[in-house]
Structure formats: C-alpha cells, structure tokens
Amino acid sequence: CILHCFSSQAVSDLIAIGTLHGLILIFDPKQALKLCLGSTAHGAQYGAITALTFNNDCTRLLCGFAKGQIIVWDSGTGKLLRTITDAHPPGSAVLSIKLLVVGLKPSFNILYRSPYGKAQPSSVPVLAWQFVWTQERVDPVLAFCRGSKIIFFHLNCAGDQIEFASLMEIDLQYEIINLKWVNSRTLLLQDGLDKLHVIDRESCEELDSHSLADVHLVRSCSYFDSSESKQTISPTMREIQQKACYQSIWTYGGQTVFLGAKVRIIVTVEVGAEGLGQCYISDSI
C-alpha cells in the first residue's frame, strides 16, 4: 500500500497510518497490526486519506479524505461512528484535522496578535505548544516559526483574563519547515533540506543534528495543487506545497516518528542533566 499520513498518541501508544486507497492501519508500539479500518470502497468514494488525529484518550480517530469528507472511528472496536460531509469544502482535501470538544454555540475571539515581519511566501508556518516552567510555575508556551525565526509566546491565565507576552526569539541560519518540542527546554527542528537540528531553547545552541534525506518524507503536494483545491486553498498554502509535511511527523512518549515513502523511523533525543542532547534513530521499519 502507499502511505499518505499518520497520527500517534502517547496515552495508549497507538499509531494510525492512512493509505492512498482509503484504508487506516492501526499499530501498537511493537509494530503489531491491531486494526484495519475502512475499505477500498471508501477510497473509491472519498479518495486517499490525507489527515488523521486521535482524541486525548485515544478512543476516537478522526480521518480526513482527499475529497473533503471526514469519518469518526471508534479506535478500540473499529466501529464507524459518524460520517461528516458538510464540515469541509467538497472536493478539497482535508490537510489538517483536530478533534475538539466545544459548546453548542462556540464563539471565537482574537486574544492576541503580534507583527512577525516579512517572510518568503513559500515559508512554512508552524505552531507548537509546550508547558514550560516560568516564574516559579508551569505555564503554556507557544513556539511560532516561519522562515528562519522562532518566536516564543507565554500564555498567562489569571481568572477570566488570558494574556500573551513575547518571551524570546531565535534567529537561525536555515529555513524551518517543522518544529517539535522534546521537552520544556529542547526543540527538534527540521530544515528545508530534511535535516534535523536539536536546539536548546535557553542557550539557543545546536546540540546535535541528523539527516533525514534517505527517509523521503511523505508530502501531500498533489492535494495542495489539485484542481478542486485551487478554489479553496490560499495562494500562500499553494506556495508551501513542496515543503509542508504536517501529517508525516508526530511526537509521542519522548520520541518523534517520521513517515517516509518506504520506511518509518523513530528518532529519540536524549537530553542530559546539563542540557546536552543527542539525536539517534531508535527504530525503523
């Protein structure tokens, strides 16, 4: 089968992989196949699977398709719970998906905005949250990057008030196309040449690096550029199509999983007490 996207979850250690033909393969950490969800009939009707995500306790799996449909599965029993056809523009691929619990009448407000400066249209925007020890307590910190700059924002919740404040910036010599937190101090970055960089947030020093060139990360370029998507995808999103690999990298249980065209590898970053980190491949199939 041809792999297209995947999701993993630390709570129950499941890994879900979507295929070109509309099937979902669910594995445990020992690479044993637990479930095969869907059928080729789904693939014929909805197209390839382009986005996957688990809920927090790993009991539900949300699956997005190339033609815009969304299916909710029970990841324990394999039962199809719901098919959603009106939440995404028909004919446009679902490129990213999250399972959220909201009220019956949710409202949206802009809590904070910050000027970022100029960036190339083809630069991939990336967001990543992490709980960080700041000012004698643990608060959520948002890392935002586009191009070669990372900006860290601190979120403070005081009663009903939510406040954002800029913490620091890191300027690098390479373009960042993906970012994952290893822990509250260490970041794992992927550059435009598919090279991994382990960065210490406090000192801004590079601790280690590793090439992923031989992995051939799965990218959904065709779904950014399909005739249907051109009507609903912004020009900026079409610019980044050759670089974006949102659904091919996932972090769980202290490890980062990379989905390649013919191989899946697990990269582990070990960080010592003094912040020194080492990046190595702990498993591959």
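These lines cover the structure that appears in this document, whether it is placed above or below. Here the structure is a predicted model, which is why all the values come from computation and not from measurement. (Residues numbered from 1 in each chain as written. Predicted model: local features only at pLDDT ≥ 70, side-chain atom pairs only at ≥ 80, totals over all residues. Heavy atoms only, no water.)

Attention shifts here to the overall build of the chain. Counting secondary structure elements, the chain contains three helices and 18 strands. Of the contacts made within the chain by residues no fewer than 6 positions apart, 44% connect residues no fewer than 24 positions apart. When the accessible surface of the chain is totalled, it reaches about 14,900 Å², and 52% of it is carbon and sulfur. (Helix = DSSP H or I, 4+ residues; strand = E, 2+ residues; numbered from the N terminus. Contact = heavy atoms within 4.5 Å. Areas by Shrake-Rupley, 256 points an atom, 1.4 Å probe, with all protein chains shown as cover.)

Moving on, we get to the side chain of Asn156. With respect to the helices and strands, Asn156 occurs in strand S10 (residues 137-158). In this structure Asn156 touches Arg137, Gln161, Ile162 and Glu163, once residues within four positions along its chain are discounted.

Applying the stated criterion to the full structure yields four salt bridges. Where Arg185 meets Asp200, a salt bridge forms, and the shortest distance between an N and an O atom there is 2.4 Å. Residue Arg185 is found in the loop between strand S11 (161-181) and strand S12 (186-191), and its partner Asp200 is found in strand S13 (residues 195-200); the two are separated by 15 residues along the sequence. A relative accessible area of 1% places Asp200 in the buried class. We note a salt bridge from Glu202 to Arg185, for which the minimum N-O separation is 3.7 Å. Remark: Arg185 occurs in the loop between S11 and S12 and Glu202 occurs in the loop between S13 and strand S14 (206-211); sequence separation between them is 17 residues. Its relative accessible area of 27% is what places Arg185 among the partly exposed residues. (Salt bridge = Lys/Arg side-chain N within 4 Å of Asp/Glu carboxyl O. Buried < 20%, exposed > 50% of the residue type's maximum accessible area, 1.4 Å probe, protein only.)

Counted as a void, the second largest pocket has a volume near 230 Å³. Lining the second largest pocket are ten residues; nearest its centre among them are Leu62, Val72, Arg82, Ile84 and Leu99. Only strand S7 (70-74) and strand S8 (80-84) provide two or more residues apiece to the lining of the second largest pocket. Here the residues of the lining of the second largest pocket sort into eight nonpolar, no polar and two charged. (1 Å grid on protein atoms, 1.4 Å probe; cavity = no way out; pocket = protein on both sides within 12 Å on 5 of 7 lines; lining within 4 Å. Points joined across faces, edges and corners; volume = space filled by probe spheres on them. Nonpolar A, V, L, I, M, F, W, Y, C, P; charged D, E, K, R; others polar.)

Moving on, we come to empty space enclosed by the protein. This structure, assessed with the given rule, holds three cavities of 30 Å³ or more. By volume, the second largest cavity amounts to about 50 Å³. Around the second largest cavity sit Asn178, Leu179, Lys180, Leu188, Leu189, Gln190, Leu196, Ile249, Thr256 and Phe258, which together line it.

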